[in-house]
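Chains, contacts and geometry: an overview
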Amino acid sequence: MASVEIRKVVDKKGLRQFIQFYYDLYRECPFAVPFLYSDEMSTLSHRTNPAFDHCEADYFLAWKDGKIVGRVAAIINRHSNEHWNRKQVRFGWLDFIDNHEVSSALLQTVAKWGRERGMNEISGPMGFTDMDREGMLVEGFDRLSTMYINYNYPYYVEHIEHFGGFVKDNDYLEFRIRVPEVTPPKFAKLAEVVEQRYNLHVHKFTRHELLGGGMGREVFNILNQTYDGLYGFAKLTEKQIDKLVDDYIKIADLNLVTAIVDGNKNNKMVGFGISFPSFSRALRKTHDGRFLPFGWWHLLRVLKFHKTDTVDLLLIGVLPEYRSKGANALIFKDLIQRFRDDGYQWAEAMPQMETNKAVLSHWQYLDSEQHRRHRCFNRKLDV
């Protein structure tokens, strides 16, 4: 039997093969959700992803017996390394059949690639930025995934352990929450106090404010301040912010986007919450995450007509000086009402660091279940 051969992706055909491997590997898995093919191509393309202004990356495919059996991306984020004073190479888009020779060859390739560029540690799974999917699923294999997180088979974890030297670097927790019939008293009372004492208020955007008025960009400027200091975070550049606004804010359901403004400072935005209706089941009806031939219809039914019982709570950001004032309560109170009005029964809270006790404490006031966990691993490199 032939040994594993690692080939670097060097052209568009190779990139298409790199993306396609995930769909082929997980087509029969009832819990995996196909990622949008166009999003994958846009993220991985040097031409369209502004992260390449400060990132270096190569993609590799593992071949065995004439077939593709694995893939991995090797990434260096120079901004992150400078911010955290690290020499880190990241591995991402790691997928493989249940074969130790294959997984070891892929990880060894990233380690070698990193050492050649002066790196002394390897971490992952991670993307180019915090806006990409991070972490390997280690709990919750029997739960339907989402388009915003990694899904992987249980054997991946054993392969990381078998490779040797990797240790836990960070864990992310995810919660499934039943949308309550009434706003929990804790949030309702605190929201009332916050409004009266600090003159903070909910603001619902118009499309013009978000796009023409520049408030969409301001959302991600607040995110840069809110997330600074979190694991692996590097501030988004102006070009990255522009792309995020163009890709997501343009199509957002504005009922599911909530801002908090400070009435004492000319209604300056000080926090936000962004949700999207869940596309998980709609994406499973597409052909490998593609809009054609009929994928667009399933996605449109969710986006425009709320044909799903679940909403994904993607991002919450509050400026540091407003966190202790209870601004989060205003966000939750407003979004819970919007969720009920639109008929959502469940909310999926996207990954939160297990050390972020302030955020995690919110879920105790709701009917919630911590049902998934993702882990980033780290290993020192001999250089």
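Here, the structure is the one placed above.
In this report, we go over the structure that sits alongside the text.

Cut-offs applied
Positions within a chain are numbered from 1, following the residues in the order the chain's sequence is written. This being a predicted model, a pLDDT of at least 70 is required before a residue's local features are given, and a value of 80 or more before pairs of side-chain atoms are given or counted; all residues contribute to the totals for chains, interfaces and linings. The basis for every side-chain value is the complete set of non-hydrogen atoms in the structure, without hydrogens or water. Residues enter patches when they are more than 30% accessible in relative terms and free of salt bridges; like-charged ones are connected within 9 Å and nonpolar ones (Val, Leu, Ile, Met, Phe, Trp, Tyr) within 5 Å. Values of accessible area rely on a 1.4 Å probe in the Shrake-Rupley scheme; residue burial ignores everything except the protein chains shown. What counts as a salt bridge is simple: a side-chain nitrogen of Lys or Arg found within 4 Å of a carboxyl oxygen of Asp or Glu. Only four residue types enter the tally: Lys and Arg on the positive side, Asp and Glu on the negative side; His and the chain ends are excluded. Think of each charge as sitting on NZ of Lys, CZ of Arg, CG of Asp or CD of Glu. A run of H or I in DSSP counts as a helix once it spans at least four residues, and a run of E counts as a strand once it spans at least two, with each numbered from the N terminus. The buried label applies to any residue whose accessible area, calculated with a 1.4 Å probe on protein chains only, is under 20% of its type's maximum; exposed applies above 50%, and partly exposed to all values in between. Two aromatic rings from Phe, Tyr or Trp, using only the six-membered ring of Trp, form a pair when their centres are within 6.5 Å; if the ring planes differ by under 30 degrees the pair is stacked, by over 60 it is edge-to-face, and anything between is tilted. When the NZ atom of lysine or the CZ atom of arginine is within 6 Å of a ring's centre and also within 35 degrees of its normal, the charge is said to sit over that ring. As used here, the arc is the angular range of directions from the helix axis to the C-beta atoms. Contacts: residue pairs with any heavy atoms within 4.5 Å of one another. The criterion for strand pairing is that DSSP finds at least two bridges linking the strands in question. For the purposes of these results, a polar contact is taken to be a pair of N or O atoms within 3.5 Å, where, inside protein, one atom must be able to donate a hydrogen and its partner to accept one; residues adjacent in sequence count only when each atom of the pair is a side-chain atom. Of the two site types, the cavity is a set of points on a 1 Å grid over the protein atoms alone where a 1.4 Å probe fits but cannot get out, and the pocket is an open set with protein on both sides within 12 Å along at least five of seven lines, each lined by residues with an atom within 4 Å of a point. Grid points are joined across faces, edges and corners, and a volume is the space filled by probe spheres set on the points. Residues were grouped as follows: Ala, Val, Leu, Ile, Met, Phe, Trp, Tyr, Cys and Pro as nonpolar; Asp, Glu, Lys and Arg as charged; and all remaining residues, including Gly, as polar. Any two cysteine sulfur atoms within 2.5 Å of one another count as a disulfide.

Attention now moves to a positive patch on the surface. A cluster of basic residues, K12, K13, R16 and R47, forms a positive patch on the protein surface. You can see K12 is positioned in helix α1 (residues 12–26). By relative accessible area, which is 55% here, K12 ends up exposed.

Counted by the stated rule, this structure contains 23 aromatic pairs. Pairing F96 with Y155 gives two aromatic rings, centres 5.9 Å apart and planes at 55°, and the pair type is tilted. Of the two residues, F96 is situated in strand β4 (residues 88–96) and Y155 in helix α5 (residues 155–163); the sequence distance between them amounts to 59 residues. Overall, F96 belongs to the buried group, its relative accessible area being 2%. By relative accessible area, Y155 is classed as buried at 18%. With a centroid separation of 6.0 Å and an interplanar angle of 70°, the aromatic rings of W296 and W297 are classed as edge-to-face. Grouped by ring-pair contacts, the aromatic residues Y22, Y23, Y26, F35, Y37, F96, Y151, Y153, Y155 and Y156 constitute a single cluster. In this arrangement the basic side chain of R7 is found over the ring face of W63, its NZ or CZ atom lying 4.1 Å from the centre. The side chain of K325 reaches across the aromatic face of Y322, ending 4.8 Å from its centre.

Each full turn of the α-helix corresponds to 3.6 residues, which orients residues three or four apart in the same direction. Within the sequence span of helix α11 (residues 295–305), burial applies to G295, L299, V302 and L303. End-on, the buried residues of α11 take up no more than an arc of 90°, which puts them together on one face. Looking at the buried side of α11, the elements it contacts are β10 (268–277) and α10 (280–283). Positive backbone phi, at 55°, marks H306, one or two positions downstream of α11.

With seven of its eight residues buried, strand β12 (residues 346–353) lies for the most part within the structure. Both strand β11 (residues 310–318) and β12 contribute to a ladder of four bridges, which runs parallel. Following the sheet pairing, T310 is matched in β12 by W346.

Within the element layout of this structure, E116 appears in helix α4 (residues 100–116). Here the alpha-carbon distance between E116 and D253, two residues 137 residues apart in the chain, equals 46 Å. Reaching out from E116, the side chain makes a polar contact with the side chain of K112 at a distance of 2.5 Å.

Our focus in this paragraph is unusual backbone geometry. A cis amide bond links G124 with the next residue in sequence, P125, at an omega value of 0°. In the segment running from L292 into P293, the intervening peptide bond is cis, with an omega of 5°. Tracing the sequence through the fold places P293 in the loop between α10 and α11. Residues other than glycine seldom take positive phi values, yet N199 does so here, at roughly 60°. Note that N199 resides in the loop between α6 (185–198) and β8 (200–203). Taking the relative accessible area as the measure of exposure, N199 reaches 25% and is therefore partly exposed. With phi around 55°, N267 is a residue other than glycine that occupies positive phi space.

It is worth spelling out empty space enclosed by the protein at this point. Scanning the entire structure with this criterion turns up one cavity of 30 Å³ or more. Taken as a whole, the largest cavity holds about 110 Å³ of empty space. Considering the residues around the largest cavity, the lining is formed by I177, R178, V179, P180, L313, F332, L335, I336, F339, A347, W363 and L366. When residues of the lining of the largest cavity are traced back to their parent elements, those giving at least two are β7 (167–178) and α13 (327–341). Partitioning the lining of the largest cavity into residue classes produces 11 nonpolar, no polar and one charged.

Attention now moves to α5. Of the residues making up α5, those classed as buried are Y155, Y156, V157, H159, I160 and F163. Its buried side turned inward, α5 meets α1, β4, α4, β6 (136–139) and β13 (368–380). Immediately beyond the C-terminal end of α5, within one or two residues, lies G164, with a positive phi of roughly 90°.

Turning our attention to the side chain of N81. Mapped onto the elements, N81 comes out in helix α3 (residues 78–84). Not counting the four nearest positions on each side in its chain, N81 is found in contact with I76, R86, K87, Q88 and M119.

Moving on, we come to the pattern of salt bridges. Tallying each qualifying case throughout the model produces 31 salt bridges. We note a salt bridge from R86 to D169, for which the minimum N-O separation is 3.7 Å. In this pair, R86 is assigned in the loop between α3 and β4 and D169 in strand β7, connecting sequence segments 83 residues apart. Overall, the relative accessible area of 28% leaves D169 in the partly exposed class.

Turning to the state of the cysteines, a few remarks are in order. By definition, a disulfide links the sulfur atoms of two cysteine residues through a covalent bond. Within the structure shown, the criterion is met by zero disulfides. With no disulfide of its own, C376 lies 15 Å from the sulfur of C55, the closest cysteine sulfur. Owing to a relative accessible area of 0%, C376 belongs among the buried residues under this scheme.

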